[in-house]
Amino acid sequence: MAANFRILVHRSSESLHLKLIGDFDETSAQELFCALKKNGARVGRIFVHTSGIGTVDPSVRTTVLNNLSTLISEPARLIFTGENGAKLVPEGSRFLWGVLT
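Residues numbered from 1 in each chain as written. Predicted model: local features only at pLDDT ≥ 70, side-chain atom pairs only at ≥ 80, totals over all residues. Heavy atoms only, no water.

## Digging into the environment of Ser 28
Relative to the helices and strands, Ser 28 is located in helix H1 (residues 26-39). Accessibility expressed as a relative area gives 0% for Ser 28, which makes it buried. For the pair Ser 28 and Phe 5, spaced 23 residues apart in sequence, the C-alpha separation works out to 6.8 Å. Polar side-chain contacts of Ser 28 include one of 3.4 Å to the backbone oxygen of Asp 23. (Helix = DSSP H or I, 4+ residues; strand = E, 2+ residues; numbered from the N terminus. Buried < 20%, exposed > 50% of the residue type's maximum accessible area, 1.4 Å probe, protein only. Polar contact = N/O pair within 3.5 Å; in protein donor to acceptor, adjacent residues only side chain to side chain.)

## Considering the pairing of strand S3 (residues 45-56)
Relative to S3, strand S2 (residues 15-24) runs parallel, the two sharing eight bridges. Of the residues in S3, the one forming a bridge with Phe 24 is Val 56. Handedness of the crossover joining S2 and S3 through H1: right-handed. Pairing geometry for S3 and strand S4 (residues 78-81), over four bridges, is parallel. (Pairing = 2+ DSSP bridges. Right-handed = clockwise from strand over helix to strand, strands pointing away.)

## A look at the confidence of the model for the protein
Across the protein, the average pLDDT comes to 80, with 78% of residues at 70 or higher. Segment residues 97-101: pLDDT under 50, and 10 contacts once partners within four positions in sequence are set aside and those in other chains are kept. (pLDDT = per-residue confidence, 0-100. Contact = heavy atoms within 4.5 Å.)

## Description of the pairing of strand S1 (residues 6-12)
Across seven bridges, the pairing between S1 and S2 is antiparallel. Residue pairing across strands places Val 9 opposite Leu 18, the latter belonging to S2. Counting the residues that bridge the hairpin from S1 to S2 gives two residues, and of these Ser 13 lies at a positive phi of roughly 50°.

Listed below in structure tokens is the structure:
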């Protein structure tokens, strides 16, 4: 994992918010998958906030695409926010510019 990477997890009602902070590489992606697996049950929507990401390893999108479908049974409920979302967003997911409140 990138030395400066971390995930802030917040659950509200039926939503899960994961705020990604630091550089995002292959190991960081694995950390994201673990956080989704650990916290993603029984939520209506999962927001992955990407505005706190510094750099994104170009090969990481393939890893995200290959692994998220096995973790999320309904891809439409996965929403990426922030300017780095386009670098991570899997097909079929919603992508929103900016941070939602």
